[in-house]
Amino acid sequence: MTPLARVLPLRVAPLEGEGIDSWLHALARRNGLAMDRLLTILALPKPANPHALVTWDTAEHLRRLEELTGLRSGRLESTVAPANWFPGAVRTRTPRYCPPCLAERGGRFRLTWWSPWTFACTKHRVLLADHCPTCLTRPRLHTPLVPARPGLCAARLAERHRCITDLATAPTVALAAGSPFVAAQSWVDALTAVRGALTASVIFNDLEHLSNWLLRVLDERDTAGLDAAVADGWNNRPTAAPDATRSAWRAARTAPVTAVIVREGRSLLGDDESHAIDRLRTLGRRHDGVVSVCPRTMDPRHFAELSPLLHNRLLRAADPTLDPTSRIRFRSCTPGARLPKSDEPTARARWVPQMLWPDWTLRMLPETMRADLFRLVASAVVLHVGQPDHRIRSTTGHLHSNLQGYLLGHTIQGMVRAGNAQLLEVFCRIADYLDAQGSPINYHRRRTQITSDILTEEDWLRICYRTDTSPGEHGPKAAATPRFRQAQRYLVQLLTGDDLADPNHPLTWPNPTHRARYYQAVETFPPAQRKALREHGAAALLALGIDEPLTWSPPERICHDLHLPGPRIGDINLRALHRLVHREGRSVVQTADALGTNHTHVRFALDLIESRPLRERPTTRGSTWKHRELARTLLTKEFFQREYVEAGKNAGEIAAELDMPRDIVVEFARKAGITLHRAPRPRDLDPDWLRDQYVNHHRSTLSLAQEAGTEDMTILRHLRQLGIPIRPSGVHSSQVMLARLPEDAPEDVRKAVQATRYGWLRLARFQATMNHPSLKAAGQTLGLAPSALVIQLQRLESDIGAKLFHRSDKHASGQPMTPTARGTELLAVLARPEIQDLAPPGEFTIHRTTLKWTKGRKAPERATGAQPTPHFNVGMPRITRRLVAVLHHIHTELDGKEFYGFGVHQSTGTDLGTLYQMLARLEGMGWLTARPEDETEWLAGAPPGCGPGRRRTYYRLTSEGRRAAQHVLTTRKHTRPASLSYASESFVPDTPQPRR
């Protein structure tokens, strides 16, 4: 039966830094009891030996002991060794001790002496003693059975006697001033001072597993020049067999040996990373001259227990001797080197395409390697990063079942031999980015769900008809591989990143010839066709339930501090690229030579060219056939029911969406039995909204009709039905005329713009005129006659009621034009942004197409082109007899068919120089379209034994060009160039403009 515990009458306070075993010994001595008897009286468990007391981790026992001894709660927490002193190791059974400290503390032991890595006293600068000087037994191995004085050796001797040597009298070994071992002990003390710190646990764990290896590799060279006592203790250390137990190895770690190990461990685990790596490399060579990932003399079990920090440094130390594939696996070429994890490559496989992303391929492509082969191998390299299995086949099996493993090793070795070793770090950074951030595209899912059916032949024809591009020839002139098949390959590879050289792929090319044909065909895809294919691919992804971007690649910023040998994909002149490839028909190699880059860059950059809006094509017999073929497929009864009846679209809107003539839509609607309305369908309008917008906001009927999706006559009819008075038609009902400025607006501005149509424009021209010395110079700049400019400025002065400027006097004093005081005030007001913001959009601007910059006193040049007329969506050139003759020939005689310049010259007799300038002007104004002669026809037309000569350019009238030509031939009037309009991009008049 356990006796009831009671409060001790005689108490002893723990000393600073004292362990609980030493304090209990002193407490038992004070009460005249043995320690075992004291614990029994206090109803506490009796430990087997003192070290079990030091590692007491039961808070309940500590709180009870504090209560019985009258200590404050939590006081005994600092007397127990924390768990981070002994991570993953068998805790030492005995402490070391400092004899001078024992003498000063009355024989009471410090808690830190129990740490296996405490070997010196920094206060007295001496090595700690390992055993009793008399019996040579380690201290505190057993619990004293009698109330002996603290500080005496309690070792059991023969015949039940005990050694009672005073440990404070043990001899000491002093350390020199500034000794590196004192600094190493201070480092250990700083780690043990932070209880529960993860850093201390990690470092002590590494020291535990490094110690056996350091005992094998360190020798006399590493202690030369240091404290003689430590060096002698190291050189005369106890030896242990290589297969000895852990206890035997710990027994060999005396205080001098521990001092050397801690000093070496501090250099390997310290903050100086480069020194630690160099030191590991030096120690690794001592066995056989080869530095390996796991040192040859280190137990693999100990290597596996090391921290990631030490693994990182060991891997980077071995990096120069590793083969390239191992450097990739361990990431040893990067600061983030670490041992592979089994799940990293498996998870990364779904984010990596079979063919590496084009932009990264271009940046890393070796000069001597084919682009498609490099893309295939590079993707496998990205997946090989962190691969636990050293066999390359285990990596390539995730991506490509037919990729030969030797290609991966040869590619990496070739990059290193070519001086591009930094590319290994690029692969590692890409893999790390994918592991951390992932990818918005799951390529594994796309490879399983996307097939060649994603682009059907019907889809291809629709794309070609909509973009007015060739779907490919049929019959005898058809290519060996249809253009539709090449488009399928292009789209599937774009979406999935698949390797089309894989013989198991349904779109594979059977031999290198077909591969070359594929690249040649894709190079001829115009920008509009590429854009349409991309849009079709995005729609197909959504149809499959894949909510992902069309394409993606890791951002280039992850390698911003590395030098990559290749160019960026956007570092190319896209205009020149478009001209050379799509207009002049040059090959990719010729284009690359002309632009000073490689053909891979040209091939990838073709996808960056933006397509321009298509001009309206002439409705020829061939295009009508295309539209009818498309209409037979699309314009079904179900289509009209969905789009016309339910969606409420009219025939014109349907024709615009399908890019086909309206009469074909009407024809097929009638065939489908759909009744078409001749007038717009009646719409329901909110009377309150209509009254508020028309009466209170003074909106015009045209703007209301545009917002309501109806005609202005419908708006007028509803207004009359509501009894709302109709404003007079014309300019007096415009919003500009009805607008009112705020009450705090300047008076001169209010007078100039209210109740007038072009008040803001006159203010803008006055502001621009004051930047010139005379009205003539201002008129030349603004494209106006000086008399017209004078009339407008006089109107402005009349509206304001004051003179605004003094005209220049070049005959008398030569003074330039200057504003009056009132004009100066007005210019200051107009320069304020808040005043300019009062103007309706586009009113307080002078547009660039109205400006005619001149030099000196030269008269302004006459416009060679013309602005769009109110009747046609094309420019109107100056009509001459020669132009009328040419238009008569190409419009009436040729009936809109294709023609070339020399044929027109033979028929009309127009000079070739004048004719080609005229055709170029008409093409620029939108009257004509032009295309170069097909290469096959060009080469076939060469005379025997001669070259083909200059390639012809074929022209054809556009639909608007035909209308304009018909108008010219009907009127046959010689008209001046159309008046300058203000419909182009804007120019703020108070911004200084350069003379051109």
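Residues numbered from 1 in each chain as written. Predicted model: local features only at pLDDT ≥ 70, side-chain atom pairs only at ≥ 80, totals over all residues. Heavy atoms only, no water.

Re the overall build of the protein chain
So, step 1. When you go through the protein chain residue by residue, the secondary structure sums to 47 helices and 10 strands.
So, step 2. Taking all 996 residues of the protein chain together, 47% fall into the buried category.
So, step 3. Within the protein chain, contacts between residues at least 6 apart in sequence are counted, and of these 68% link residues at least 24 apart.
So, step 4. For the protein chain, the accessible area works out to roughly 50,600 Å², and carbon and sulfur atoms hold 51% of it. (Helix = DSSP H or I, 4+ residues; strand = E, 2+ residues; numbered from the N terminus. Buried < 20%, exposed > 50% of the residue type's maximum accessible area, 1.4 Å probe, protein only. Contact = heavy atoms within 4.5 Å. Areas by Shrake-Rupley, 256 points an atom, 1.4 Å probe, with all protein chains shown as cover.)

What about the sheet that holds strand 1 (residues 120-121)?
Paired through their backbone hydrogen bonds, the strands of a sheet run either parallel or antiparallel.
So, step 1. If you walk across this open sheet you meet the three strands as 1-2-3, and the pairing is antiparallel. Only two strands of the sheet have a single neighbouring strand rather than two, namely strand 1 and strand 3 (173-174).
So, step 2. Both strand 2 (residues 126-127) and strand 3 contribute to a ladder of two bridges, which runs antiparallel. By the bridge assignment for strand 3, L127 is matched with V173. (Pairing = 2+ DSSP bridges.)

Notes on the sheet that holds strand 8 (residues 928-932)
So, step 1. The strand order across the open sheet built from three strands is 7-9-8, with neighbouring strands paired in antiparallel fashion. The open sheet has two free edges, formed respectively by strand 7 (899-900) and strand 8, since each of these has just one partner strand.
So, step 2. As paired strands, strand 7 and strand 9 (residues 953-957) are joined by two bridges and run antiparallel to one another. Across the sheet, the residue bridging to Y900 is Y954, located in strand 9.

Points about the packing of helix 26 (residues 574-583) against helix 27 (residues 588-595)
So, step 1. Helix 27 packs onto helix 26 with a crossing angle of 145° between their chain directions and a minimal axis gap of 10 Å. The two elements helix 26 and helix 27 cross, and the hand of that crossing is right-handed. Each of A576, L577, L580 and V581 in helix 26 lies in contact with helix 27, whose residues at this interface are T591, A594 and L595.
So, step 2. Of the residues belonging to the contact of helix 26 with helix 27, the class tally is six nonpolar, one polar and no charged. (Axes fitted to C-alpha atoms, helices over the stretch in contact; angles between N-to-C directions. Left-handed = near helix turned anticlockwise from the far one by under 90°. Nonpolar A, V, L, I, M, F, W, Y, C, P; charged D, E, K, R; others polar.)

Some thoughts on helix 22 (residues 457-467)
So, step 1. Among the residues of helix 22, D459, W460, I463, C464, Y465 and T467 are the ones counted as buried.
So, step 2. After helix 22 finishes, the residue D468 shows a positive phi value of roughly 55°.

As for the pattern of salt bridges
So, step 1. A full pass over the atoms with the stated rule returns 48 salt bridges.
So, step 2. Close ionic contact of R221 with D219 constitutes a salt bridge, the shortest N to O distance being 2.7 Å.
So, step 3. Its salt-bridge partner being D219, residue R286 comes within 3.5 Å of it at the nearest N-O pair. Here D219 lies in the loop between helix 7 (198-217) and helix 8 (228-235) and R286 lies in the loop between helix 11 (273-284) and helix 12 (300-304), a separation of 67 residues in the sequence.
So, step 4. If you follow the salt bridges from partner to partner, you end up with D219, R221, D222, E264, R279 and R286 in one network. (Salt bridge = Lys/Arg side-chain N within 4 Å of Asp/Glu carboxyl O.)

Observations regarding empty space enclosed by the protein
So, step 1. Considering all chains together, one arrives at five cavities of 30 Å³ or more under this definition.
So, step 2. Estimated volume of the largest cavity: approximately 100 Å³.
So, step 3. Lining the largest cavity are 12 residues, with R140, H142, L152, C153 and A154 sitting closest to its centre.
So, step 4. Here the lining of the largest cavity is built from residues that sort into eight nonpolar, three polar and one charged. (1 Å grid on protein atoms, 1.4 Å probe; cavity = no way out; pocket = protein on both sides within 12 Å on 5 of 7 lines; lining within 4 Å. Points joined across faces, edges and corners; volume = space filled by probe spheres on them.)

Comments concerning the side chain of R331
So, step 1. Along the chain, R331 turns up in the loop between helix 14 (324-330) and helix 15 (344-348).
So, step 2. Looking at R331, the relative accessible area reads 0%, which means it is buried.
So, step 3. The residues contacting R331, other than those within four sequence positions of it, are G336, A337, R338, E344, R348, V385, G386, C428, D432 and D435.

Some words on the packing of aromatic side chains
So, step 1. Tallied over the full model, the rule gives 12 aromatic pairs.
So, step 2. For the pair F109 and W113, a centre-to-centre distance of 5.5 Å together with 80° between the ring planes defines the contact as edge-to-face. For the pair F109 and W113, a shared accessibility class is recorded, and that class is buried.
So, step 3. For the pair Y900 and Y954, a centre-to-centre distance of 5.9 Å together with 80° between the ring planes defines the contact as edge-to-face. Of this pair, Y900 sits in strand 7 while Y954 sits in strand 9; the two residues are 54 residues apart in sequence, bridging distant segments of the chain.
So, step 4. Assessed through its relative accessible area of 13%, Y954 is described here as buried.
So, step 5. Each residue in the set Y97, F109 and W113 is aromatic and connected to the rest through ring pairs, giving one cluster.
So, step 6. Over the ring of Y900 we find R952, and its NZ or CZ is 3.9 Å from the ring centre. (Phe/Tyr/Trp six-rings, centres within 6.5 Å; stacked < 30°, edge-to-face > 60°. Lys NZ or Arg CZ within 6 Å of the ring centre and 35° of its normal.)

Comments concerning the packing of helix 19 (residues 405-417) against helix 20 (residues 422-437)
When two helices pack together, their arrangement is given by the angle between the helix axes and the distance between those axes.
So, step 1. Packing of helix 19 against helix 20 leaves a shortest axis separation of 8 Å and a crossing angle of 130°. By the angle between their axes, helix 19 is oblique relative to helix 20. Where helix 19 abuts helix 20, its residues I412, M415 and V416 lie against L423, L424 and F427.
So, step 2. For the contact of helix 19 with helix 20, the class distribution of residues is six nonpolar, no polar and no charged. (Parallel < 35°, antiparallel > 145°, perpendicular 65-115°, else oblique.)

Things to note about the pairing of strand 9
So, step 1. Bridge count between strand 8 and strand 9: five bridges; the pairing is antiparallel. When the sheet's bridge partners are listed, R931 is paired in strand 9 with Y954.

Details of the nonpolar core
Nonpolar side chains tend to gather and get buried jointly when the protein is soluble and globular.
So, step 1. Counting residues in hydrophobic clusters, the biggest one holds 52 residues, and the most contacted among them are F119, F204, L210, W213 and L214.
So, step 2. Secondary structure elements with two or more residues in this core: helix 6 (180-193), helix 7, helix 8, helix 10 (255-269), helix 11 and helix 13 (308-318).
So, step 3. If you tally residues by element for this core, the top one is helix 7, at nine residues.
So, step 4. When near neighbours in sequence (up to four residues on either side) are disregarded, W213 contacts L280, L283, P295, T297 and M298.
So, step 5. Of all hydrophobic cores here, the second largest spans 45 residues; its members include L423, V426, C428 and I430. (Core = buried A, V, L, I, M, F, W, Y, C linked by side-chain atoms within 4.5 Å.)

None of this, on its own, says anything about what the molecule does.
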